[in-house]
Amino acid sequence: MALHCYSPFSVLSQFRGSKGNRVIICADLLSALLLRAIGQKLQKSYRMNLRPLGVLRSSQDRGILPCGDIAALVYLWNPFTILSCVGLSTSPIENLAVIVSLYGAVTRRVPLAAFGLIMATHLSLYSAPLVFPLIFLLGYGLDAPPIKKFLQTRHGGVETGSTSDVSKQEKLTPTTQLPFSWRTVLHFVFWVLVWSSYVLVLCSLSLKQYGGLEEMFKRTYGFILRIEDLSPNIGVFWYFFAEAFEFSRNYLLIIFNLYILLTSIPSLMFRLKHRPCFLAFAYLAFTSILKSYPSVGDAALYLSLWALFVNELTDMEYSFFIFCGYIGFSLLSPVMHNFWIWRGTGNANFYFGNAMGYACFQFMFVEKSVNAMLNHDQALKKATAEMTKNLAITVIF
Amino acid sequence: MAAVNRDNEEEVKTDDGSPKIKPRPIVRLGIFLIAHSPVFSVVFSAAGVLALLLLPLLAKNTYISENALMPGSARSMLSNRDVSDGSKLVKDIKNFRLNHEGQGVEVQKLIGKYMSDMGAEVSYQKFHPEGNQFHPLHFFSGPDSYTLLENVSCASYGVNVAGIIRAPRGDGKESIVLVTPYDFINGGDYEDLSLGIVSSLFSLLSRVTWLSKDIIWLVADSRYGDYRPVAAWLTEYHSPSFKVSDLLKCDEQNTADNFRRAGTMAAALVLKVDGRSEKFEDTLSIYAEASNGQMPNLDLINVVNYLAVHRQGFYVKVEKVVSLLSSSWLKIFGEIFEAVGKLAHMLNPDWNFGIPAADYLEGSATLASSLYSQALGIPTGPHGAFRDYQVDAITLKVSPRFPPDSKTRQHDFFLRGARLLEGTIRSVNNLLEKFHQSFFLYMLTSPSKFISVGVYMIAFALLVAPLPMVAASLYIDGCKSLTNSTDNPTENFKSWKWLDAAKQVFTLHLFGFIVTLLPYFICQVPGQHSPTNRSIMWGTTSSSLLLITFVTMPGCSPFSSRLHGTNWAILKSVTISAAFIGLCLMSIINFATAEIGALLLVPTCLMAQPIKPALRSRRLKSLLGAFCSIVLLTIGFPVMFFAISKGLLGEGLVGLSLGGEFWTWLESLWAWKSATYLYIGMVHLPCWLLCLCILFHPS
């Protein structure tokens, strides 16, 4: 519905032919529905996690925002989503695959999660490291405050009858280690193997005449990793590789591709292993800055995932500044493109400068979100510590 | 001082709760600026206006940046024989027109015959003089192929004649275009002279050996304006329509398959001979502004200016606002700047920035004209059509000092005019690539002086610099006041308080977008309507839309109760941010519009504050502030500003006819796809409305 309301754009899309568009609109709507379901799960777990900690009083229960609805609306009404839908880009379908895998992991439907992951990886290589958040999600359960806080509260003797799955598991194993359900993960790995072999067999069968799988890998993953197409996009790599000398090209390729993998995954995994969904958001946002052919559809995906955590991120800093930056740069980008390509009075530096600014704001957005999430956990810790102290005092007297 | 402490606290809080960390110097500078934002905003705005006034002083002399051009280094090869060819054509046309009254096509054939006699390939192109239609998606979309109407009347169509000389040393991939607009039915004597000049040159170019780019001579049928025939020819040249046009059936003359092309255009020169010069010398006026303030490469103007002044002895001028030359306040400024310059020169002989007051006046008048035509976004001549295809082009308007029937002077005039064009073509012919070396973003203060983008952007940057500072300071204030009122339901969302205000700003911008599109639908209303009627329709639909917006979304209305309304400081902060983004975007699309818009919008946004507390307090300072903001808001309304700038208020033309005129003006803006129209509808109008909301805010 949101898509049809945009009259000037829908006119354009009708003009392009509505056949492909229908698939993309369906993909977008389905993504929004799945996001809503994920959000409802997350909201439930948020409430259940806060109650035993004693932070959440029943009067404040109303204060919890329906993050699923918000995320779905953010996804559907995001100008980026509308643009990529109107432009008949394939990113709505890639986004759908990613959301399907997250949905499968959140609802613990392991085959679905594995299917989503394999499809997302098949469509775009950068989704492959999502396997880590998914494993965490299946192993540790939904997003929750770090385990130490639970242990603290239990030692303080505040543990009230909890209904949460997570805390039930903790009761069984009162160690400082997080409980990790290896069985589900092995199940997941098995399904990943099944789906990937399935996809590979199908591909090899259909591509037999065209050079087989080897050719497919070269043309798809090779194309993504080697950054062969240097036509300008909103990312930063096309400029680097247009300017780079031929002899340093391979070196730079290795550096840049490893950079995405090594800077984002290990550090984020270490700090955010108790919040796998948020880890998925942070990783997706990070790759959408640094991937070889980014599009606004990627931004639409991570922004809607971000909206799943509105409850936790209420204290995000510089939100207005970042918002203005996003608006400014996303409006500036077509202007700069027009300046360079149509008018011929600007040059590539104008457009690249804009892409750099956009990347800066994206970095800032990820950084501030992660910071806000860590602060939120810290604040929870502080609040529970105070609570236990007070309770201990009351117990003594 | 208290403000600084407050901000330091703010900073410390954001620095992860560790109060010992001293912020970096740049952060401290930012905090200092934000804390003293009222003072700095006055200082920066005043500096911005002053910098704008100083621009004529800062103009640099032009220089030819591309070495390959080498203007005037080769001896002219134009001989008397060529000139007599040109004279003969002019004489023949005159005779022909005396004998055959009103037979335009025959004149075209005569010109075509002359061209083919000189060895050129001749082609005729028919076009339909169709008016520009408003289409909401056509801004920035580049040149579009004009769709042919279904039932074209054969009564009105124009015919362009184009002759192409193939270069002996070229490969047919590049060309230079000469355009002479000519009215075949009732062209005057002066228009004949332009044909004479170019045909003299054409006669020379058909036999020279140094040409490496093909030469196209386009005689554009200017019955329906200068611009339209050139645009139609360029559209056909670049994006031919393969549908068989109905126009072809109109005449027995077969023009279908003989349209000739000659590769990429390196440059284009439009030559017009117009009126008699007031000066003692022949005058050459250069027109360069294309649509949306785009300019051709400065080197093209430099070459023409150099050859005209130093080789052919023309008096070269660019357009200026004549009324400014006699303005006394500008004269006072000029004298002050002159005195300061002299003083500086006395203190240090190396400081030579002073210019005489008269020069300053001239420069300002030229700059004002340059700003005006760039801001309007309407091309000043047929050269504008070339800019849409990234071809550098200028219009040269030559005014001879003799009456058109003087035979003796005519020869000399043809010789000099053709030599000027020959020199220019020879320079462009030397180029191996497109013009790229010199500036594209500049403004002229005289034919030989320019202000580059790096200099004039300073004035704009200073003018808009207060906006982010004030926005930040208001944002901090607004957050503070919201936190103090504890029973606020949004207490939980410390950093998302701006969302309500953003909603209001977004709604009004959406309203502005719809208002911008409304004329398209009003034009679709069947029946003939006068501009006044259409403007009334527009006004009523817009205001009823605004009312509906206010009724359905009570948060947006300035007259809402306090419960619904947002905090005005935050609303103002978001408004100012939106204005800042809009102005910065516009400054890249069209600098002149943004500069003029900023002169209006920046003070309005900065001064806007609720009027009720000011009236309640009854202090002189706050009353004065409220009065200023009301005055600024009154001037800032687009229709009002239009009326003031037209000077209509004095003539008692306020009322309905004003609306009609405003409509006509806007119609011309969108017909030329001027981004100024978008700016007015989507940046200026919403920000103005938001300032109005702040003014009537119930706080």
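What you see is a predicted model; the values in this text were computed from it and never measured. (Residues numbered from 1 in each chain as written. Chains lettered and ligands numbered in written order. Predicted model: local features only at pLDDT ≥ 70, side-chain atom pairs only at ≥ 80, totals over all residues. Heavy atoms only, no water.)

1. Looking at the overall build of chain A
Helix and strand counts for chain A stand at 19 helices and zero strands. Pairs at least 24 apart in sequence give 76% of the contacts found in chain A among residues at least 6 apart. Of the roughly 19,300 Å² of accessible surface on chain A, a fraction of 67% belongs to carbon and sulfur atoms. (Helix = DSSP H or I, 4+ residues; strand = E, 2+ residues; numbered from the N terminus. Contact = heavy atoms within 4.5 Å. Areas by Shrake-Rupley, 256 points an atom, 1.4 Å probe, with all protein chains shown as cover.)

2. Here's the deal with the UniProt feature "transmembrane region" (unreviewed entry) in chain B
All names here are of chain B. In this structure's numbering, the residues bearing the UniProt feature "transmembrane region" (unreviewed entry) are residues 29–55, 453–476, 505–523, 574–602, 623–644 and 676–696. For residues 29–55, helix accounts for 96% and strand for 0%, while the C-alpha atoms at its two ends are 28 Å apart. The span residues 676–696 carries 95% helix and 0% strand; its end-to-end C-alpha distance comes to 28 Å. (UniProt positions renumbered as here; feature names shortened; annotations may be inferred.)

3. Quick notes on the packing of helix 6 (residues 91–106) of chain A against helix 17 (residues 296–306) of chain A
All names here are of chain A. Where helix 6 meets helix 17, the closest approach of the two axes is 9 Å, and the angle between their N-to-C directions is 30°. The angle between the axes of helix 6 and helix 17 places the two elements in the roughly parallel class. Seen from above, helix 6 lies across helix 17 with right-handed handedness. Contacts between helix 6 and helix 17 involve Ser91, Asn95, Val98, Ile99 and Leu102 from the former and Gly297, Leu301 and Leu305 from the latter. (Axes fitted to C-alpha atoms, helices over the stretch in contact; angles between N-to-C directions. Parallel < 35°, antiparallel > 145°, perpendicular 65-115°, else oblique. Left-handed = near helix turned anticlockwise from the far one by under 90°.)

4. Quick notes on the UniProt feature "transmembrane region" (unreviewed entry) in chain A
Residues and elements named next belong to chain A. On the UniProt side, "transmembrane region" (unreviewed entry) is annotated at positions that read residues 20–38, 112–140, 188–207, 227–245, 251–270, 277–296, 316–336 and 348–366 here. Counted over residues 251–270, helix gives 100% and strand 0%. Its end C-alpha atoms are 28 Å apart. Secondary structure over residues 277–296 splits into 75% helix and 0% strand, and the C-alpha atoms at its two ends are 21 Å apart.

5. Some details on the pairing of strand 9 (residues 392–399) of chain B
Residues and elements named next belong to chain B. Within strand 9, eight of the eight residues are buried, leaving the element largely enclosed by the surrounding structure. A two-sided burial pattern is seen for strand 9, the buried positions comprising Asp392, Ile394, Leu396 and Val398 on one face and Ala393, Thr395, Lys397 and Ser399 on the other. The sheet contact formed by strand 6 (residues 264–273) and strand 9 spans seven bridges and is parallel. From the neighbouring strand, Leu271 faces strand 9, where its bridge partner is Leu396. Two elements, strand 7 (residues 283–287) and strand 9, share five bridges in a ladder whose sense is antiparallel. Looking across to strand 9, one finds that Thr283 is bridged to Ser399. (Buried < 20%, exposed > 50% of the residue type's maximum accessible area, 1.4 Å probe, protein only. Pairing = 2+ DSSP bridges.)

6. A word on the packing of helix 16 (residues 276–290) of chain A against helix 17 of chain A
Residues and elements named next belong to chain A. Where helix 16 meets helix 17, the axes come as close as 9 Å, and the angle between the chain directions of the two elements is 155°. The angle between helix 16 and helix 17 falls in the class roughly antiparallel. Both helix 16 and helix 17 take part in a crossing whose hand is left-handed. Only Asp298, Leu301, Tyr302, Leu305 and Trp306 of helix 17 make contact with helix 16, whose side of the interface consists of Phe281, Leu284, Ala285 and Ser288.

7. Quick notes on the environment of A:Phe286
All names here are of chain A. Within the secondary structure, Phe286 is located in helix 16. Residue classification places Phe286 among the buried positions, given a relative accessible area of 11%. Discounting residues that sit within four places of it in the chain, Phe286 has contacts with Ile260, Thr263, Ser264 and Phe363.

8. Let's talk about the side chain of B:Thr395
Residues and elements named next belong to chain B. Its place among the elements puts Thr395 in strand 9. You can call Thr395 buried: its relative accessible area is 2%. A polar contact of 2.5 Å, which involves the side chain of Thr395, links it to the side chain of His383. Residue contacts for Thr395: discarding those within four places in its chain leaves Val270, Lys272, Ser285, Ile286, Tyr287, Gly381, Pro382 and His383. (Polar contact = N/O pair within 3.5 Å; in protein donor to acceptor, adjacent residues only side chain to side chain.)

9. Regarding the pairing of strand 3 (residues 158–165) of chain B
Residue and element names in this part refer to chain B. Within strand 3, eight of the eight residues are buried, leaving the element largely enclosed by the surrounding structure. Of the two faces of strand 3, the one carrying Gly158, Asn160, Ala162 and Ile164 and the one carrying Val159, Val161, Gly163 and Ile165 are both buried. Relative to strand 3, strand 2 (residues 121–127) is paired through seven bridges, and the arrangement is antiparallel. Bridge pairing in strand 3 places Tyr124 opposite Val161.

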